[in-house]
Every structure is written in C-alpha cells, then in structure tokens.
Amino acid sequence: MIYLILTFILILLMIGAAIYAIWQKDLLYAVIASGIISLFLSILFVILQAPDVALTEAAIGVALTTIIFIIAIRNTVRYEDEHDKKVKKKEQLKSAEQ
Amino acid sequence: MKKAIILISLTILGVYLIDIFTGIGFGTAHFASGVKDAYLIGSKETLKVSNVVTSIVVNFRGFDTLGEVTVLFLASMALGGILYKKRHDVGERSVLFPSTRIVMSGAKLLFPSIVLLGAYVFIHGHLSPGGGFQGGTIIATGFLLMLITYRNYSVSHQRLSYIESSAGIIFIGIGLAGYFINGSFLSNVLPAGKLNDLFSGGVIGIIYVAVGFKVAAELTGIIYTVLHEKD
C-alpha cells in the first residue's frame, strides 16, 4: 500500500516537473527540471524492482545529460526568446538608421 | 493528388499495423512457452549466475551487447571527429565559472570514492544489480566532476583510446575463443564456479570488466571533447 502511494506521488512529481520544464522560459531551470524527472524515474525503477535500469538512469539521466545540456546553454543563449529579441533589436536599429 | 497518395499509403500502412497488433493477443498466455525457462533455469544451473539479467545480457544475448558497445564507440568517434581539435589551451577555457575552494576540496574527496563505486558495480555485475555499462557511466561521472571543478584538469586522449581499444579487443577475443573452443560466438569457455561466488559465471566477469573500462573511457572522452569545444 505504501509503495502504491509513493508511486503515485513520484508520478505526480514527474508530471509536474515535465510541465514546469515546458512552461519555463529560462532554459537552465528547464534543464534542471528535466534532470529532476530522471531522478524520480530512477527511484520509480527501484520500486518497480529494476535496479539495473535505475543505476543507468541515475548516472546518465541525472548527471551526464544535464551537464551536457548546461554546457550547450553556456555556449548559446540562456533564455528562450533571447535570440528573437536580439534579431528584433537589430532590425529596429536598421530601420531607425534608414 | 499528392495528398491523396499520402492518404492512401497511410491507410494501407494503418490497416497492416492494426492487423499485426490484433494478431499479437495482449494479455493472453503468451509467456507460457518460449525461451523463458531456458534462461531462468540455465543461468542458475549451468552458468551459476545469481543475477539473471546479467546472464541474459552478457551470455545468452552477448552479441547484442557487442552491438550496443559498437554503437557507443561509433557515436563517441563521430563526436570526436566533428568537435576535437588537436591544439587547445586548457588553461584559458571559460565554459564554466571558476569554482570555490569548498567545491574543489569536496571534488578531490569524492572523486576516488566515485571511481571505487563504479569499479565495484562492474566487478560485481553478475552478483548484484548493475554491470559494465552502469559502472562505466558512474566512473565517467567522477571524471566529469573533476573536469568541471578544476579548470586545467586534463585527460590524455591517447591513453583513453588505448584503454578503449584494448577493452574492445578483449571482448571480441573472448567471443572468438568461444567460437573456436565451443563452436558458437561468445559461448562460455571458463569453468562456471559456485553460485554467489565472485569467480562465478565463467566469462561474464571478464566481459563486464572490459565493457566497464570501455564505456568509462568513451563517455569521459565525449565529455572532455564537449567541454573543450569552444576554444
């Protein structure tokens, strides 16, 4: 019974983190939220008696993927609409010059 | 005209897919027969391995694991071919912020224990949950911690490729030994030993150590290449 309740709580938290990752405009927060999904998923795998998969999920999903995404964000832009804003500003400057 | 052709071909595909899915029969006694018993009994009786998942992954379906490792090798090679540059100054990279003294001391303290945990996971792959792939990723996580904490921590690419190649050669060599002695690729050539013993399961332990080294070297190489991509 307690495992059933824990499973439902973990699934709800995972869905909440996934919705947050989509909704959030700050890409760094979104990546951290998707790492949290992997963390809860690995706990869920342990409850479902698949410890082999849980180890893989914990190492790859939580650590490696998150860090590679963070490096990618560090080399590009952090906010979702930052690039569009920059392009708009450039266009405005160009039209003002003309 | 174009849309009509797409619709017709999608309809044909859908009809065939529905036909296949109705033929499977979910929930019926599908698992009553088949190779299930051979795996469950064989891994305990003849191979003496307590972790059934490991015995299926490495021994009964060892060829699939070889393919998996090859895919990972190709991915890491392609990434290195695109991103790796021979000359980069390690000291001046600015991918991440400089870390504080607390993080540096903590990373130094944690790194050996993370590597030890990874080695434990892949050496005991046939006794406890985990195996070569899991242990290798844990070791790569330790190297990742060191690489993002110390700005001038460097890993020798040549040494990584030596480790990777020799691990792959050991894997294929064991497979070929099985082929020449027993007649089938990756079959067990060593004595099976006792159940729940460290030296049990024949070739499974050796293959998992090789896979662990290979995966750790590949993932460390991938992280190192990605971290140094900007300079």
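Residues numbered from 1 in each chain as written. Chains lettered and ligands numbered in written order. Predicted model: local features only at pLDDT ≥ 70, side-chain atom pairs only at ≥ 80, totals over all residues. Heavy atoms only, no water.

J.: What should I look at first to understand the overall build of chain B in this one?
T.: Each helix and strand counted, chain B has 8 helices and 0 strands in total. Of the regular secondary structure in chain B, the N- to C-terminal order runs α-α-α-α-α-α-α-α. A buried classification covers 37% of the 231 residues belonging to chain B. In the structure as shown, chain B presents an accessible area of about 13,800 Å², 70% of it carried by carbon and sulfur atoms. (Helix = DSSP H or I, 4+ residues; strand = E, 2+ residues; numbered from the N terminus. Buried < 20%, exposed > 50% of the residue type's maximum accessible area, 1.4 Å probe, protein only. Areas by Shrake-Rupley, 256 points an atom, 1.4 Å probe, with all protein chains shown as cover.)

J.: Sorry if this is basic, but what is going on with the overall build of chain A here?
T.: Of the regular secondary structure elements, chain A holds 4 helices and 0 strands. Listed N to C, the secondary structure of chain A is α-α-α-α in terms of helices and strands. In summary, chain A has a C-alpha radius of gyration of 19 Å against a globular reference of 13 Å for 98 residues, an excess of more than 25%. Dimensions of chain A, computed from C-alpha atoms along their principal axes, come out at roughly 70 × 25 × 10 Å. In chain A, which comprises 98 residues, the share counted as buried stands at 31%. Of the contacts made within chain A by residues no fewer than 6 positions apart, 63% connect residues no fewer than 24 positions apart. (Rg over C-alpha atoms; globule rule 2.2 N^0.38 Å. Contact = heavy atoms within 4.5 Å.)

J.: What am I meant to see in the pattern of salt bridges here?
T.: Note on pairing: side chains with opposite charge can pair once their charged atoms come close. A full pass over the atoms with the stated rule returns 2 salt bridges over all chains. Across the pair Arg78(A) and Asp26(A) runs a salt bridge, and its minimum N-O distance is 3.0 Å. Of the two residues, Arg78(A) sits in the loop between α3 (51-75) and α4 (82-97) while Asp26(A) sits in the loop between α1 (2-23) and α2 (27-47), which places them 52 residues apart along the sequence. Overall, the relative accessible area of 5% leaves Asp26(A) in the buried class. Here Glu218(B) ties to Lys214(B) by a salt bridge, and the two come within 3.4 Å at their closest N and O atoms. (Salt bridge = Lys/Arg side-chain N within 4 Å of Asp/Glu carboxyl O.)

J.: Can you help me understand the confidence of the model for chain B in this one?
T.: Detailed reading of the predicted coordinates is not advisable wherever pLDDT is low. All names here are of chain B. Across chain B, the average pLDDT comes to 85, with 89% of residues at or above 70. Per-element confidence in chain B ranges from a low mean pLDDT of 82 for helix α2 (residues 36-45) to a high of 93 for helix α5 (residues 101-123). For this predicted complex, the interface confidence score (ipTM) comes to 0.79, while the overall pTM stands at 0.81. (pLDDT = per-residue confidence, 0-100.)

J.: I keep staring at the environment of Ile148(B) and nothing clicks. Help me out?
T.: Residue and element names in this part refer to chain B. Following the sequence through the fold, Ile148 ends up in helix α6 (residues 132-149). Among the residues examined, Ile148 registers a relative accessible area of 25% and is labelled partly exposed. The sequence separation of Ile148 and Tyr224 amounts to 76 residues, and the corresponding C-alpha distance is 9.7 Å.

J.: Is there a simple way to think about the nonpolar core in this case?
T.: One finds Leu147(B), Phe171(B), Ile207(B), Val211(B), Leu219(B) and Ile223(B) to be the most contacted residues of the largest nonpolar core, which totals 30 residues. For this core, the secondary-structure elements that each account for two or more residues are α3 of chain A together with α4 (62-83), α6, α7 (157-182) and α8 (204-227) of chain B. Here the element with the most residues in this core is α8(B); it accounts for 12 residues. Excluding residues within four positions of it along the chain, Leu219(B) makes contact with Leu64(A), Thr137(B) and Ala140(B). Listed in part, the 7 residues of the second largest apolar core include Leu10(A), Met14(A), Ile37(A) and Ile47(A). (Core = buried A, V, L, I, M, F, W, Y, C linked by side-chain atoms within 4.5 Å.)

J.: Explain the side chain of Thr220(B) here, please?
T.: Take Thr220(B): it is sitting in helix α8. Ignoring sequence-local partners within four residues, the contact set of Thr220(B) consists of Ala140(B), Phe143(B), Val155(B) and Leu160(B).

J.: Even after reading the chapter, I still don't get the interface of chain B and chain A, so can you show me in this structure?
T.: Often the size quoted for an interface is simply the accessible area lost on bringing the parts together. Contacts between the two partners involve 22 residues from chain B, matched on the other side by 12 residues from chain A. Summed over both partners, the interface of chain B with chain A buries about 1,600 Å², with 74% contributed by carbon and sulfur atoms. The tally of links from chain B across to chain A stands at 0 salt bridges. Going through the elements one at a time, α6 and α8 of chain B are the ones with two or more residues in the side of chain B that touches chain A. At 7 residues, α6(B) tops the list of elements feeding residues into the side of chain B that touches chain A. Grouping the amino acids of the side of chain B that touches chain A by side-chain chemistry returns 14 nonpolar, 6 polar and 2 charged. (Buried area = accessible area lost by both parts, 1.4 Å probe. Nonpolar A, V, L, I, M, F, W, Y, C, P; charged D, E, K, R; others polar.)

J.: I would appreciate a short explanation of the packing of α6(B) against α8(B) in the present structure.
T.: Relative orientation and spacing of two packed helices are given, respectively, by the angle between their axes and the distance between those axes. All names here are of chain B. α8 packs onto α6 with a crossing angle of 30° between their chain directions and a minimal axis gap of 7 Å. One way to sum up the angle between α6 and α8 is to call them roughly parallel. Judged by the twist between their axes, the crossing of α6 over α8 is right-handed. Residues Gly132, Phe133, Gly136, Thr137, Ile139, Ala140, Phe143, Leu144, Leu147 and Ile148 of α6 form the contact with α8, whose participating residues are Tyr208, Val211, Gly212, Val215, Ala216, Leu219, Thr220, Ile223, Tyr224 and Leu227. Residues of the contact of α6 with α8, tallied by class, amount to 15 nonpolar, 5 polar and no charged. (Axes fitted to C-alpha atoms, helices over the stretch in contact; angles between N-to-C directions. Parallel < 35°, antiparallel > 145°, perpendicular 65-115°, else oblique. Left-handed = near helix turned anticlockwise from the far one by under 90°.)

J.: Would you mind going over the environment of Ile138(B) with me for this structure?
T.: Mapped onto the elements of the fold, Ile138(B) is located in helix α6. In this structure the C-alpha to C-alpha distance between Ile138(B) and Asn188(B), which are 50 residues apart in sequence, comes to 28 Å. Every residue in contact with Ile138(B), bar those within four places of it in the chain, is listed here: Leu55(A), Ala59(A), Ile114(B), Leu117(B), Gly118(B) and Val121(B).

J.: Would you mind going over α2(A) with me for this structure?
T.: Two residues of an α-helix separated by three or four positions point the same way, owing to the 3.6 residues in each turn. All names here are of chain A. Here α2 spans 31 Å end to end across 21 residues, near enough to the 30 Å set by a 1.5 Å rise per residue. For α2, the set of buried residues is Ala30, Val31, Ala33, Gly35, Ile37, Ser38, Phe40, Ser42, Leu44 and Ile47. Elements in contact with the buried residues of α2: α1 and α3. Capping the start of α2, Asp26 holds a side-chain oxygen 3.2 Å from the backbone nitrogen of Leu28, two or three residues further along. Of the residues one or two after α2, Gln49 is the one with positive phi, at around 65°. (Expected span 1.5 Å × (residues − 1). Polar contact = N/O pair within 3.5 Å; in protein donor to acceptor, adjacent residues only side chain to side chain.)

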